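Close look at the chain arrangement
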Amino acid sequence: MSGDKPIELPSEAELAEMSRDDLVKLGTKMDGVELVHYEEKFPVPGTRAERRAQRAVALWFVISAVAGLAFLGVFLFWPWQYESPSNAEGHLLHMLYNPLIGLFLGLSVTGLGVGALLYTKKFIPDELAVQQRHDGPSAQVDRATLVAELADAGERSGIGRRSLIKRTAGLGAGVLGLGVTAVPLGALIKNPHSDSETKNSLWHTGWKAEKGEKVYLRRHTGNFHEVSLVRPEDVEPGGFETVFPFRESEREDEHALVAALKRADAPVMLIRLRPNQAVTKRAGQEDFNYGDLYAYSKICTHLGCPTSLFEQQTGLLLCPCHQSQFDVFEYAKPRFGPATRPLPQLPITVDEDGYLVARSDFIEAVGPAFWERKS
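Residues numbered from 1 in each chain as written. Predicted model: local features only at pLDDT ≥ 70, side-chain atom pairs only at ≥ 80, totals over all residues. Heavy atoms only, no water.

Some words on the overall build of the protein
A count of helical and extended segments in the protein gives seven helices and 13 strands. Taken over 375 residues, the protein has a buried fraction of 37%. Element-wise, carbon and sulfur atoms account for 57% of the exposed surface of the protein, whose accessible area totals about 21500 Å². (Helix = DSSP H or I, 4+ residues; strand = E, 2+ residues; numbered from the N terminus. Buried < 20%, exposed > 50% of the residue type's maximum accessible area, 1.4 Å probe, protein only. Areas by Shrake-Rupley, 256 points an atom, 1.4 Å probe, with all protein chains shown as cover.)

Section: the nonpolar core
In this structure, Ile271, Tyr296, Leu317, Phe326 and Val328 are the most contacted members of the largest nonpolar core, which totals 17 residues. Once residues within four sequence positions are removed from consideration, leucine 317 is found in contact with Met269, Ile271, Thr307, Leu309, Phe310, Ser324, Gln325, Phe326, Val328 and Leu343. Core analysis: the second largest hydrophobic core is formed by 16 residues, Val243, Val268, Leu346 and Phe362 among them. (Core = buried A, V, L, I, M, F, W, Y, C linked by side-chain atoms within 4.5 Å. Contact = heavy atoms within 4.5 Å.)

A short note on the packing of aromatic side chains
With the rule as written, the count across this model stands at four aromatic pairs. Ring geometry for tyrosine 216 against phenylalanine 246: centres 6.3 Å apart, planes inclined by 45°, an arrangement best described as tilted. Residue tyrosine 216 is located in strand 3 (residues 216-219), and its partner phenylalanine 246 is located in strand 5 (residues 240-246); the two are separated by 30 residues in the primary sequence. When sorted by exposure, tyrosine 216 lands in the same class as phenylalanine 246, which is buried. The interplanar angle of 75° and the centroid separation of 5.8 Å between the aromatic rings of phenylalanine 240 and phenylalanine 310 together place this pair among those described as edge-to-face. One end of the pair, phenylalanine 240, is in strand 5; the other, phenylalanine 310, is in strand 8 (residues 309-311), with 70 residues separating them in the sequence. Through a chain of ring-to-ring contacts, the aromatic side chains of Tyr216, Phe246 and Tyr355 assemble into a single cluster. (Phe/Tyr/Trp six-rings, centres within 6.5 Å; stacked < 30°, edge-to-face > 60°.)

Some remarks on the UniProt feature "transmembrane region" (unreviewed entry) in the protein
The residues that UniProt annotates with the feature "transmembrane region" (unreviewed entry) are residues 57-80, 100-119 and 169-189. As annotated, residues 57-80 comprises 88% helix and 0% strand, and the C-alpha atoms at either end are separated by 35 Å. (UniProt positions renumbered as here; feature names shortened; annotations may be inferred.)

Looking at the pairing of strand 5
Buried residues dominate strand 5, accounting for six of its seven residues. Bridge analysis of strand 3 against strand 5 gives four bridges, and the strand direction is antiparallel. Its bridge partner being in strand 5, arginine 219 is matched across the sheet by valine 243. Bridge count for strand 5 against strand 6 (residues 268-272) is four bridges, and the pairing is antiparallel. Bridged to glutamate 241 within strand 6 is leucine 270. (Pairing = 2+ DSSP bridges.)

As C-alpha cells, then:
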C-alpha cells in the first residue's frame, strides 16, 4: 500500500546468514501477509488421537495399493477371451473381466484421493491469512524466501515425521502409476508375431484355412446367424458384393458366425467384370481369379477404411475416407490418393457343389503398413 513504510531488504551476506524461520517471516512481511489465525491439529505430537488419524489415512493408501495390484493382476492374467454360454464357468469369467477392471482401477484412484483428502483434513494446520497487494522485491530475495516458505509449509504439514503415511502413500501412488502405465502398454506385452502362422496374426486373416477345412465365400444378409453361400451365377456382370469367410464347423457356433462378419480383416469385394474385359494381372497371381470373378480385400492399404464404391465402367474402386482409387482392371493398383500399395487379391475357385471358396489365404498382409511389413 502506498502509505506503508518500505521494508528494508537484507544484503546478500545477511540473507545467507538468516535461518529458515527468519526467511519465512521476511517473506510474509514482504508479501504483505498478516497471519490472522493459526492452529495445529495436534499441538502435542505422538498422541493416541494422532496415531489413530495416521492409521486411518494409511488404510486408504493401502486400499489404493491393494486395488491397484488387483487391477494389474486382472488386466494381465484374467481369462478375457470369449467363451460360449455352453461353457458356464468360462463364460462367467469372461463376463467378469471388464467389471473387475473398472472396479479395481476405480477403487485404486478413490483410495488415493480419499487418503489425500483425509490427510489434509486431519493434519494440515488451520490457517487464515490476509495479504495486501504490493510491488515485489528483488529476484534473489524472492527465491530465498519462497524456498523457505515451501519448506516451512512441508514441515508444518507434518508429512516429514509421519513415515507410515509417507510409505503407504508412495505405495498407493506407485502401484496406481504402474496400472496407468500398463493400460497403454498392454497391447505390447504380447508379441503380435508369436502366433504368426494362425489366422489371428498380422500376417494372416480369417480366410486362412485351419486343419484343411474349406473356407466358403459368405454374404451378409443382415442376419448374423444366417449362412448364405455364394455361387458364380449370383453375381451379375459388372456387379459386386461384399463377402466373408465361412467354415462348416462354425455353423452351430453362434459366436463364430457373428465374429466372422465382424473381423476387421475379413471383408472382401467380390467383383464380376464384364465379358471380354481387358485385364492386367499381377505377376505370380495370374490364376487367382475364377473366370470374370475377382476377389480383393476391402481394407484400404492407406489407413484401413472400406473401399466400398465401385465404378463398373472405369473399373475403379474408391475409398471414401481419403479418396484413394484402385484400378481393378490392373490388379487393384492405386491410381489416385494416398494409398501406395495394391489391394491384396484373394485366390478363389468353385468347389464340387458349385460354391465359391477361397483357395488359400491372401499371400500378403492386408490393410495399412506396420513396422515389420516390407511390401
